[in-house]
Every structure is written in structure tokens, then in C-alpha cells.
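Structural characterization, general
What follows is each chain in one-letter form.
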Amino acid sequence: MIMNQKHHHPDQPLSLSDRVFEELEEKILSGTIKSGEHLIELKLAAEMGVSRTPVREAIRMLEQKGFVQITPNRTAQVVGISMQDLDDIYDMRMRLEGLASNRAALHITEEQVKELTDILDLQEFYHMKNSIEPINELDSQFHAKIFEYSNSRTLQHTLTDLHHMIQRYRNISFHTSGRAKLAIREHLEILEAIAKHDPVLAEELTVKHIAKAKENLFQLPDFASVKK
């Protein structure tokens, strides 16, 4: 049955087609449904316990977002995230997350600095235990807090969506040898700049941080097979 309501705004009722869309989107982005596969309305309706109508509407929404392509015989083929998409998203992250850090450095409070510090302390704790999964989750929290502290709803919503689209690839990058340790160090440098209310340095360090993450991902020898 449909469970995923991750990106739904709590003040808005969630339609059945929205719920189907979110579950299918999650499966496409996670790689559970792979690029090249076809979405069959009848099969999906049976699996999700819904009628074909919300499935059809969800597929239309996926097509609008570019995740599926309707073929000449009217079947929906999954496109997923291409290498060009990833390249574009990382470039957008550099600019927009740099701006978010810039804004956060202007608005940050002592209490918010402590919240970010606590996240980094936990990252270092789990790094000493060689436990990657919680470090990865805390990485997402660290970035999400900076989006929030930018005091820009537009930046926060846009960057949250971008992170969601490439979460699978961020996980892959984070699990490569040595990346977690470097990411924690880079986070610490960004936090120090934000805490000192230095927007220019905070932005510069954030851009470098994301550029390194992108480089780390794109140089993986088996990345060509991972993206399929």
C-alpha cells in the first residue's frame, strides 16, 4: 500500500494520485525501478492496491518532472537521473548551497551554531566507530539546517528537492573510502565561517565542499554501471 508522504506539506491534503506519485518517484530515485523499465498501469495498480486512475495521473506527473517518457505506443518508460542531470544538479547545488551558507552566516544565532556543532560532534563520534550510515544521515541534517538558517523558504525548498533527487548518489559517494572523514572536516570549516558571521568565506568553503563531493562521485570506476 502507499506509505511515502515525505515531501507532502502538512497543511495540504494528499490525494491518492499524489501518494502514488511519491512512491513511484522514490523507487525511481532509489534505483528500485531502473532506467529503461516500463511502468504498467494495471500491474502497479494491483501492487499498490489502488485503481488505475491514480496510477495514470501519477505517471503523468512523473512525465512532467522528466522521470518517465511516453513512447509512441503510449507506454511509460523510466528515464531516471542521467549523467547530465547529475552534472547540472551538482553545479546548481554549488551555487545555491553557497548562497544558503552566505545567508546563514548573516542570520545565524548562538543556539543554531550549537545545533550544527552537535551534529558535527555526532558525526565525529560515529566516524570513530566506523559507522557510515548515521554519518550519512547527519550529513543530510547538517545541510538541511543550513538551508533552514538561510531564512529563505525558496532556497530551502529548492535545495531540499535537489538533495532528494540525488540522495542515492550522495550515499554512494559518502561510502567511498576516506570521503566521510574529509566531509566532516569540510563541514567543520564551513561551520567555523558561519559562526564567525563571514558570509564570503562560508560560501566559498561550501562551493569547494560540493565540488569535492561531485569529483569524488564522478571519478568512481564503476560509476557508469551505478547510474544505469
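My aim in this report is to walk through the structure given alongside it, one point at a time. For clarity, every value in this text was computed on a predicted model and none was experimentally measured.

Moving on, we come to the overall build of the protein. A tally of helices and strands in the protein yields 11 helices and 3 strands. The order of α-helices and β-strands along the protein, N terminus first, is α-β-α-α-β-β-α-α-α-α-α-α-α-α. A buried classification covers 43% of the 228 residues belonging to the protein. Expressed as a percentage of contacts within the protein between residues at least 6 apart in sequence, the contacts between residues at least 24 apart total 70%. With an accessible surface of roughly 12,300 Å², the protein has 52% of that area assigned to carbon and sulfur atoms.

Let us now look at the nonpolar core. The biggest cluster of nonpolar side chains holds 53 residues, and the ones touching the most others in it are Leu24, Leu39, Leu62, Ile146 and Ile194. Tallying contributions element by element places helix H4 (residues 83–107) first for this core, with 7 residues. With sequence-adjacent residues up to four places away left out, Leu24 is seen in contact with Ile33, Leu44, Met48, Ala58 and Leu62. In terms of nonpolar packing, the next biggest core, distinct from the first, is built from 5 residues, Phe174, Ala180, Ala183 and Ile184 among them.

Another point: the packing of helix H5 (residues 110–128) against helix H9 (residues 179–195). Orientation of H5 relative to H9, taken along the N-to-C sense of each, is 165°, at an axis distance of 10 Å. With respect to their mutual orientation, H5 and H9 come out roughly antiparallel. Here H5 runs over H9; the crossing is left-handed. Here Val113, Leu116, Thr117, Leu120, Gln123, Glu124 and His127 of H5 lie close against H9, whose contacting residues are Ala180, Lys181, Ile184, His187, Leu188, Leu191 and Ala195.

So, about empty space enclosed by the protein. A probe matching the size of a water molecule, rolled over the atoms, marks out where space remains unfilled. Counted by the stated rule, this structure contains 3 cavities of 30 Å³ or more. What lines the largest cavity is a set of 13 residues, among which Arg93, Asp139, Arg170, Phe174 and Ala213 lie closest to the centre. For the lining of the largest cavity, the secondary structure elements donating two or more residues are H4, helix H6 (132–149), helix H8 (167–174), H9 and helix H10 (199–218).

Most peptide bonds take the trans form, and the phi angle of most residues other than glycine is negative. You will see that Asn130, though not glycine, has its phi angle at about 55°, which is positive. As for its placement among the helices and strands, Asn130 is situated in the loop between H5 and H6. Relative accessible area serves as the criterion here: at 64%, Asn130 is assigned to the exposed category. Unusually for a residue other than glycine, His197 sits at a positive phi of about 55°.

Here we come to the sheet that holds strand S1 (residues 38–39). Strand pairs in the sheet, formed through backbone hydrogen bonds, run parallel or antiparallel to each other. Across the sheet, 3 strands lie side by side as S1-S3-S2; this open sheet has antiparallel pairing. Every interior strand has two partners, whereas the edge strands, S1 and strand S2 (68–70), have only one. Those strands touched by helix H3 (residues 52–64) are S1, S2 and strand S3 (76–78), and its axis lies near 105° from that of S2.

On to the packing of aromatic side chains. The full count for this structure, using the stated rule, is 2 aromatic pairs. Measuring from ring centre to ring centre gives 6.4 Å for Tyr90 and Phe218, while their planes differ by 80°; the resulting arrangement is edge-to-face. One end of the pair, Tyr90, is in helix H4; the other, Phe218, is in helix H10, and 128 residues separate them in sequence. For Tyr90, a relative accessible area of 1% puts it in the buried group. Look at Phe218 and you get partly exposed, because its relative accessible area is 27%. Ring centres 5.1 Å apart and planes at 70° place the aromatic pair Phe125 and Tyr126 in the edge-to-face group.

Rules of the game
- Residues numbered from 1 in each chain as written.
- Predicted model: local features only at pLDDT ≥ 70, side-chain atom pairs only at ≥ 80, totals over all residues.
- Heavy atoms only, no water.
- Helix = DSSP H or I, 4+ residues; strand = E, 2+ residues; numbered from the N terminus.
- Buried < 20%, exposed > 50% of the residue type's maximum accessible area, 1.4 Å probe, protein only.
- Contact = heavy atoms within 4.5 Å.
- Areas by Shrake-Rupley, 256 points an atom, 1.4 Å probe, with all protein chains shown as cover.
- Core = buried A, V, L, I, M, F, W, Y, C linked by side-chain atoms within 4.5 Å.
- Axes fitted to C-alpha atoms, helices over the stretch in contact; angles between N-to-C directions.
- Parallel < 35°, antiparallel > 145°, perpendicular 65-115°, else oblique.
- Left-handed = near helix turned anticlockwise from the far one by under 90°.
- 1 Å grid on protein atoms, 1.4 Å probe; cavity = no way out; pocket = protein on both sides within 12 Å on 5 of 7 lines; lining within 4 Å.
- Points joined across faces, edges and corners; volume = space filled by probe spheres on them.
- Pairing = 2+ DSSP bridges.
- Phe/Tyr/Trp six-rings, centres within 6.5 Å; stacked < 30°, edge-to-face > 60°.

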